[in-house]
Amino acid sequence: MDMGHRGRTSRWRRTGVMVAATVVLAACGSGPQERASLDDELADAAEAAAAGDGRLDLHDATGFDWDQLGVFPPYTSADEVERQLGVQMPAAAERQMNADSDVFLAFVDDGELVAWSVLGRGRIAVPPPAGVYEPAEAVFAVEPRDDGEFALTAMDPAS
C-alpha cells in the first residue's frame, strides 16, 4: 500500500477544507452586524443623561463611528430604509423590522451600513423621532417618566 499517495490526498483534502472554512468565516464576519446590546447601552446612556443635564448625544453613546443614523418606525420596509440611506439591508435586518413596538436603527459610515439594532420598548418608552440624522443632529432631550422609563425628544443640538 502506498502511504505517500494517501498522505498527499489527505493533505490536499485538509487544505481544501481549511480554505473553504476560511472563505465561509470571512463572508460571515464581514458586513454590518446587529448590535443587540445597543438597546441596553442607550437606556444606560439615557439614564445617565437624565441624572445629568438631560441631553443624550447618540453619537457619543454608541461608541463606534457612523455619519448617518436612520431611525425607522415599526413596519418600515427594507426598500424604504434603503431609499432613505442609500445602503442595502441584510436579510437578517429585514427580518427584525416587523415588530409592532420596535424601532429600527441603522448606522451608516462612509456610505456603508456598519451596524443596526432594534430598539424595543423597554427602558426607553418613547424612542427618538423617526428620521435620518447626522452625528451633530442626533442629540435628544431625555425625559424621565413616572414609570421609570425614558422618553427621547428632539432638541436643538446647539442648546
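For the structure itself, consult the block above.
Source: prediction; values computed, not measured.

Caption draft 1: Molecular detail of the packing of aromatic side chains. Throughout the structure, instances matching the rule amount to four aromatic pairs. Here Tyr133 and Phe140 contribute two aromatic rings whose centre-to-centre distance is 5.2 Å and whose plane-to-plane angle is 80 degrees, an arrangement assigned as edge-to-face. Neither residue differs from the other here; Tyr133 and Phe140 are each classed as buried. Among the aromatic side chains, those forming a connected cluster through ring pairs are Phe64, Trp66 and Phe107.

Caption draft 2: Focus on the side chain of Thr76. For Thr76, the location among the structural elements is in the loop between β3 (68–72) and α4 (78–85). At 2.7 Å, the side chain of Thr76 forms a polar contact with the backbone oxygen of Pro73.

Caption draft 3: Here's a closer look at the sheet that holds strand β6 (residues 124–126). The sheet built from four strands is open, its strands ordered β2-β8-β9-β6 with mixed pairing. Looking along the sheet, the strands with just one partner apiece sit at the ends: β2 (55–57) and β6. Averaged over all pairs of adjacent strands, the angle between strand axes in this sheet comes to 45 degrees, irrespective of strand direction. Helix α2 (residues 38–51) contacts β2, β6, β8 (139–144) and β9 (150–154) of the sheet and is inclined by roughly 80 degrees relative to β9.

Caption draft 4: Molecular detail of the pattern of salt bridges. The final tally for this structure, using the stated rule, is three salt bridges. Two residues, Glu149 and Arg145, come together in a salt bridge whose shortest N-O distance is 3.7 Å. Residue class for Arg145 comes out partly exposed when judged on its relative accessible area of 36%. Members of the salt-bridge network, linked through shared partners, are Arg145, Asp147 and Glu149.

Rules used throughout
Residues numbered from 1 in each chain as written. Predicted model: local features only at pLDDT ≥ 70, side-chain atom pairs only at ≥ 80, totals over all residues. Heavy atoms only, no water. Phe/Tyr/Trp six-rings, centres within 6.5 Å; stacked < 30°, edge-to-face > 60°. Buried < 20%, exposed > 50% of the residue type's maximum accessible area, 1.4 Å probe, protein only. Helix = DSSP H or I, 4+ residues; strand = E, 2+ residues; numbered from the N terminus. Polar contact = N/O pair within 3.5 Å; in protein donor to acceptor, adjacent residues only side chain to side chain. Pairing = 2+ DSSP bridges. Axes fitted to C-alpha atoms, helices over the stretch in contact; angles between N-to-C directions. Contact = heavy atoms within 4.5 Å. Salt bridge = Lys/Arg side-chain N within 4 Å of Asp/Glu carboxyl O.

Functional significance is not addressed by these values, which are geometric in nature.
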